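Each chain, letter by letter, is given below.
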Amino acid sequence: MAETKESAEPPTILVDPIDMSKLDQSFCNEIKSMPYGEELVACFACTTCTAACPIANQWDYKPHQLIRMIILGMREEVLSSKEIWECLTCFQCQERCPQKVRVTDIFFDCKNLAAEEGKVPNSIVALGKLLLETGQLYEVTEDWQREDLDLEPEVPGLATEPLKEILKTTRTGRLVGSDE
Amino acid sequence: MVEVNDTLSGPVLIIGAGVAGMTAAIELADSDIKTILVEKKQTIGGNALELYKAFPTDDCFYCFEGSRFRPGIRKCFYRSAMLDNPNIDLRTNTRVDEITGNPGNFKVKLTTGPMYVDPKRCIMCGLCLKRSGAFSLISPQCQPQAVFYDPSLAEESVKEIEKECPTKAINLNAQSTEEQVEVSDIILATGYTEMRPVNMDEYGYGKYPNVITQLELARMLDPNGESAGALIRPSDGAPVKRVMMVQCVGSRDENYNLYCSKICCVFALKHANIIVNERNGIKTTVVYMDIRTYDRHERYYREARESGVRFVRGRVHLVRPNPDGSLDIIVYDSLLDRYLSYNIDLFVLSTALEPSEEDETLQRTLGLNTSSGFVAPLDLANDSVVAGDHVYVCGAAMGPAEVPESVTQARAVVSKILQGRQ
Ligand SMILES: Cc1cc2nc3c(=O)[nH]c(=O)nc-3n(C[C@H](O)[C@H](O)[C@H](O)COP(=O)(O)OP(=O)(O)OC[C@H]3O[C@@H](n4cnc5c(N)ncnc54)[C@H](O)[C@@H]3O)c2cc1C
Ligand code: SF4
Ligand code: SF4
Ligand code: SF4
Ligand code: SF4
């Protein structure tokens, strides 16, 4: 029961602040220098992007919060967030942003950075693999799928081989391949 | 009396008869300087004509002391005084077609009319108004006092009405007339136009009748207006029970206007306070991203909160019309990080104040500096009302402005002209 003077006093800080010195101060400039990232810091936190977004309702980090996190330098949290991958790329946030911040494009930049660091969710990797192996994202697996639409059973003129060749040499090929 | 230099004694042309143009005209006239006051509409008064209560005093800015105590009566002696002043040559229904000549001696071509209704003869008996929709009253406050005729709405009956008008004020075959005037100075007082956001899909303006602008709301709140001050749904005339306003529509938005329209926060809250305090039981919610009630106008914000106006910091997610005429509006509340769903009757957009339509041509003809489409003074720091050699600007022609500001600027123009003539 060693009573120290310190423990008798209430802690002086009750909140759990983000230690700003631990954040990556260069992250903001990094995104700014990427394609369509220039207007990033024009954001004035109006939240129009979030209001416009059809899916943000389900997200822990809303579009405006992701933009805020990028500006603050929360690199780790942004690049490993599920939200940047769940984005529908519908561009509604970007269309309505009053400060011309290219929100959707910035999320593409984030995805590219995350991919470079191998932070691609498994579901996305699986899609990449499918694309690489079949040359298609959507394969016709059942006869009725085309029959119901009054279409002939085979897609006429479908040639996936050349596409597969090309894909091997792309970033997708590299990223998915390196995972193997 | 001031000695007037001959070369500088020509009349002053004032373009636009809103509060700024009227102030300049009346004060120059008081100093014995002749003015030609040109107004494209059939009435003078400009945008302030239909404002009901005006901040900062909450009454009509131009009423003389006496009428302040007669609520609902806003007979503007100021405006009617303009008609009979021997130093003011008022031309309503008139446009500036061409400006040539030199500073100090401009030659200006004016086109007037067609004057289908002679304002000197019309006694506002109302006969034509009852008989055909082609005749209308712009405002009970209009000056000169005369009805307005729109030939595009003409029906068979208008010919008979022309004959029956007790004072023979109507001439359906009227033609426009042209005249060239010579003036020494030009004052631009062309004011602003309120943006109509028909291209902004997210708000449904122009698509759903119960989505209106603040100026349209002001007209509705005006006891002299069509609804006699009652808030009704444009779709079916039903009484309004719930109002929602949204700020910064088309302002601070680089896709439309990059500037802050400055006074929309103040007049939105002025309207919200009137609705909550004077129209019992109507609930009002204001959706905003920043409230900018600058300097003394902060009191409107404070009063709004005390009166029960609700504020939501966020933006509109979507607007959906219901078969019963009401609107479902989902708002993203950025403080709570939740979506709020509302059912409302009237959705009021605080839209941007933009330059007047013909401003660009005038600015180009006179070779003026501009800023976001408004006239920019030559030297912002020292002479904010001088736009060029013998060219002046005042009021909202320089950018969004409140009435007191517009009046002060008009007075500054007057003193500049007087100085130049001493
Ligand atoms: C909804 C709303 C509420 C407001 N409430 C308030 C308030 O409570 N208090 C306050 O102080 N201010 C208020 N204002 C602002 C107020 O309307 C302006 O300050 C004021 O009208 C500016 O006067 P003005 O003479 O500069 O321009 P305007 O009133 O716009 O007048 C300009 C005139 O010039 C004419 N014109 C334009 N171009 C030409 C041309 N080429 N040739 C001939 N004529 C032309 C126009 O027809 C118009 O009559 C409000 C504004 C809005 C939109
Ligand atoms: S809409 Fe644009 S300015 Fe507004 S919060 Fe989003 S990114 Fe920032
Ligand atoms: S592009 Fe992505 S973030 Fe933007 S509105 Fe669409 S889903 Fe939301
Ligand atoms: S009938 Fe003639 S006098 Fe009467 S309101 Fe019409 S125009 Fe004026
Ligand atoms: S005055 Fe208010 S509503 Fe108008 S643009 Fe500025 S912040 Fe937006």
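Per-chain numbering applies: the sequence of each chain, read as written, is numbered from 1 onward. The order in which chains are written sets their letters, starting at A; the order in which ligands are written sets their numbers, starting at 1. Residue-level local features of this predicted model are given only where pLDDT is at least 70; pairs of side-chain atoms are given and counted only at 80 or more, and the full residue set underlies all totals for whole chains, interfaces and linings. No hydrogens and no water enter the side-chain calculation; it runs on all heavy atoms of the structure.

**A few points about the overall build of chain A**
Link 1 in the chain: Helix and strand counts for chain A come out as twelve helices and zero strands.
Link 2 in the chain: Written out in order from the N terminus, the α and β elements of chain A read α-α-α-α-α-α-α-α-α-α-α-α.
Link 3 in the chain: Here the C-alpha atoms of chain A give a radius of gyration of 23 Å, more than 25% beyond the 16 Å that 2.2 N^0.38 yields for 180 residues.
Link 4 in the chain: For the C-alpha atoms alone, the extent of chain A along its principal axes is close to 80 × 45 × 35 Å.
Link 5 in the chain: For each residue, the accessible area found with a 1.4 Å probe, counting protein chains only, is set against the maximum for its type, and the residue is called buried under 20%, exposed over 50%, and partly exposed in between. Per-residue burial for chain A yields a buried fraction of 36% across its 180 residues. Strands here mean DSSP runs of E at least two residues long; helices mean DSSP runs of H or I at least four residues long; both are numbered from the N terminus. Here the radius of gyration uses the C-alpha set of atoms, whereas the globule reference equals 2.2 Å times the residue count to the power 0.38.

**Side note on the overall build of chain B**
Link 1 in the chain: Check the secondary structure of chain B and you find nine helices and 22 strands.
Link 2 in the chain: The C-alpha radius of gyration of chain B comes to 23 Å, within 12% of the 22 Å expected for a compact globule of 422 residues.
Link 3 in the chain: Counting only C-alpha atoms and orienting by the principal axes, one finds that chain B spans roughly 70 × 60 × 40 Å.
Link 4 in the chain: Classification of the 422 residues of chain B by burial places 54% in the buried group.
Link 5 in the chain: Considering only contacts within chain B whose residues lie at least 6 apart along the sequence, 67% involve residues at least 24 apart.
Link 6 in the chain: Residue-level accessible areas treat just the shown protein chains as cover; the underlying method is Shrake-Rupley with a 1.4 Å probe. Of the roughly 19,000 Å² that chain B leaves accessible, carbon and sulfur atoms contribute 50%.
Link 7 in the chain: One finds the centroid of the 45 positive side-chain charges in chain B at a distance of 6 Å from the centroid of its 55 negative side-chain charges. Contacts between residues were defined by any pair of non-hydrogen atoms, one from each residue, lying within 4.5 Å. Asp and Glu count as negative and Lys and Arg as positive, but His and the ends of the chain are not part of the count. To locate a charge, take atom NZ for lysine, CZ for arginine, CG for aspartate or CD for glutamate.

**Some details on the interface of chain B and chain A**
Link 1 in the chain: Taken residue by residue, the interface counts 16 residues in chain B and 21 residues in chain A.
Link 2 in the chain: Once two parts are put together, the accessible area they lose, assessed with a 1.4 Å probe and summed over both, is termed the buried area. Between chain B and chain A the total buried area reaches about 1,500 Å² when both faces are included, carbon and sulfur atoms providing 45% of it.
Link 3 in the chain: The three residues of chain B that bury the most area against chain A are B:E254, B:Y332 and B:Y339, which together make up 33% of that side's buried surface.
Link 4 in the chain: By salt bridge we mean one thing: a side-chain nitrogen of Lys or Arg within 4 Å of a carboxyl oxygen of Asp or Glu. On the surface where chain B and chain A come into contact, there are two salt bridges.
Link 5 in the chain: In this structure, the salt-bridge partner of A:R96 is B:E202, at a minimum N-O distance of 3.2 Å.

**Side note on the sheet that holds strand β5 (residues 105–112) of chain B**
Residues and elements named next belong to chain B.
Link 1 in the chain: Two strands pair if DSSP finds at least two bridges between them. Reading across from one edge, β4-β5-β8 is the order of the three strands in this open sheet, with antiparallel pairing throughout. Of all strands in the sheet, those with a lone pairing partner are β4 (94–102) and β8 (177–183), marking the two edges. Averaged over all neighbouring strand pairs, the angle between strand axes comes to 20 degrees, with direction disregarded.
Link 2 in the chain: Relative to β8, β5 runs antiparallel, the two being bridged by seven bridges. Across the sheet, residue K107 finds its bridge partner in β8, namely E182. The convention used is that axes are lines fitted to C-alpha atoms, helices contributing only their stretch in contact, and that angles between N-to-C directions extend from 0 to 180 degrees.

**What to know about the site of ligand 2**
Link 1 in the chain: Taken together, A:C43, A:F44, A:A45, A:C46, A:T47, A:T48, A:C49, A:H64, A:C97, A:P98, A:V101 and A:V103 make up the full set of residues adjacent to ligand 2.
Link 2 in the chain: Taken together, the residues that form the shell around ligand 2 break down as nine nonpolar, three polar and no charged. Here a residue is near a molecule or strand as soon as one of its heavy atoms is found within 4 Å of it. Throughout this entry, Asp, Glu, Lys and Arg are counted as charged residues, while Ala, Val, Leu, Ile, Met, Phe, Trp, Tyr, Cys and Pro are counted as nonpolar. The remaining residues, Gly among them, count as polar.

**Overview of the site of ligand 3**
Link 1 in the chain: Residues in contact with ligand 3, as listed here, are A:C53, A:P54, A:I55, A:W59, A:C87, A:L88, A:T89, A:C90, A:F91, A:C93, A:T104 and A:F107.
Link 2 in the chain: A per-class count over the shell around ligand 3 returns ten nonpolar, two polar and no charged.

**As for the packing of aromatic side chains**
All names here are of chain B.
Link 1 in the chain: Any pair of Phe, Tyr and Trp rings, taking the six-membered ring for Trp, is counted once the centres come within 6.5 Å. Such a pair is stacked with planes under 30 degrees apart, edge-to-face with planes over 60 apart, and tilted for the rest. Per the stated rule, a full pass over the model turns up nine aromatic pairs over all chains.
Link 2 in the chain: Ring geometry for F135 against Y149: centres 4.9 Å apart, planes inclined by 40 degrees, an arrangement best described as tilted. Of this pair, F135 sits in strand β6 (residues 135–136) while Y149 sits in strand β7 (residues 148–149), and the two are 14 residues apart along the sequence. The same class applies to F135 as to Y149, namely buried.
Link 3 in the chain: With a centroid separation of 6.3 Å and 50 degrees between ring planes, the pair formed by Y203 and F347 is classed as tilted. Taken together, the residues span a long stretch of sequence, with Y203 in the loop between β10 (192–194) and β11 (211–213) and F347 in strand β17 (residues 346–351) at a distance of 144 residues.
Link 4 in the chain: Taking relative accessible area as the criterion, Y203 reaches 2% and is therefore assigned buried.
Link 5 in the chain: Through a chain of ring-to-ring contacts, three or more aromatic side chains come together here, namely Y116, F135 and Y149.
Link 6 in the chain: Sitting above the plane of the Y300 ring, R299 keeps its charged end 4.5 Å from the centroid.
Link 7 in the chain: The ring of Y301 is capped by R305, whose NZ or CZ atom sits 4.3 Å from the centre of that ring. In this scheme, the term charge over a ring applies when either NZ of a lysine or CZ of an arginine sits within 6 Å of the ring centre and within 35 degrees of the ring normal.

**Re the sheet that holds strand β9 (residues 185–188) of chain B**
Strands belonging to one sheet form pairs held by backbone hydrogen bonds; the direction of such a pair is parallel or antiparallel.
Residue and element names in this part refer to chain B.
Link 1 in the chain: The mixed open sheet is built from six strands, whose spatial order is β3-β2-β1-β9-β22-β21. Because the sheet does not close on itself, it has two edges, and the strands there are β3 (88–91) and β21 (386–388). Taken pair by pair, the neighbouring strands of this sheet meet at an average axis angle of 25 degrees, ignoring direction.
Link 2 in the chain: Where β9 and strand β22 (residues 391–393) come together, three bridges link them in parallel fashion. Bridge pairing links L188 to V393 in β22.
Link 3 in the chain: Running over the sheet, helix α1 (residues 19–30) touches β1 (12–15), β2 (35–38), β3 and β9 and is turned about 160 degrees from β1.

**Some details on a negative patch on the surface**
Link 1 in the chain: Patch building starts from residues that exceed 30% relative accessible area and form no salt bridge, then joins like charges within 9 Å and nonpolar side chains (Val, Leu, Ile, Met, Phe, Trp, Tyr) within 5 Å. A grouping of A:E142, A:D143, A:E147, A:D148, A:D150, A:E152 and A:E154 is seen on the molecular surface, where their side chains present a negatively charged patch.
Link 2 in the chain: Positionally, A:E147 belongs in helix α10 (residues 143–147).

**Overview of the domain arrangement of chain A**
All names here are of chain A.
Link 1 in the chain: Each domain's extent was defined by an automatic or database domain assignment. According to the domain assignment, chain A consists of domain 1 (21–116) and domain 2 (122–176).
Link 2 in the chain: The centre of domain 1, based on its C-alpha atoms, is set 30 Å off from the matching centre of domain 2.
Link 3 in the chain: Between domain 1 and domain 2, roughly 360 Å² of surface is buried when both sides are summed, and carbon and sulfur atoms account for 48% of that area.
Link 4 in the chain: Of all residues in domain 1, W85, A115 and E116 bury the most surface against domain 2, accounting for 84% of the area lost on that side.
Link 5 in the chain: Summed over the shared surface of domain 1 and domain 2, the result is two salt bridges.
Link 6 in the chain: Between E116 and R174 there is a salt bridge, with its nearest N and O atoms 3.7 Å apart.

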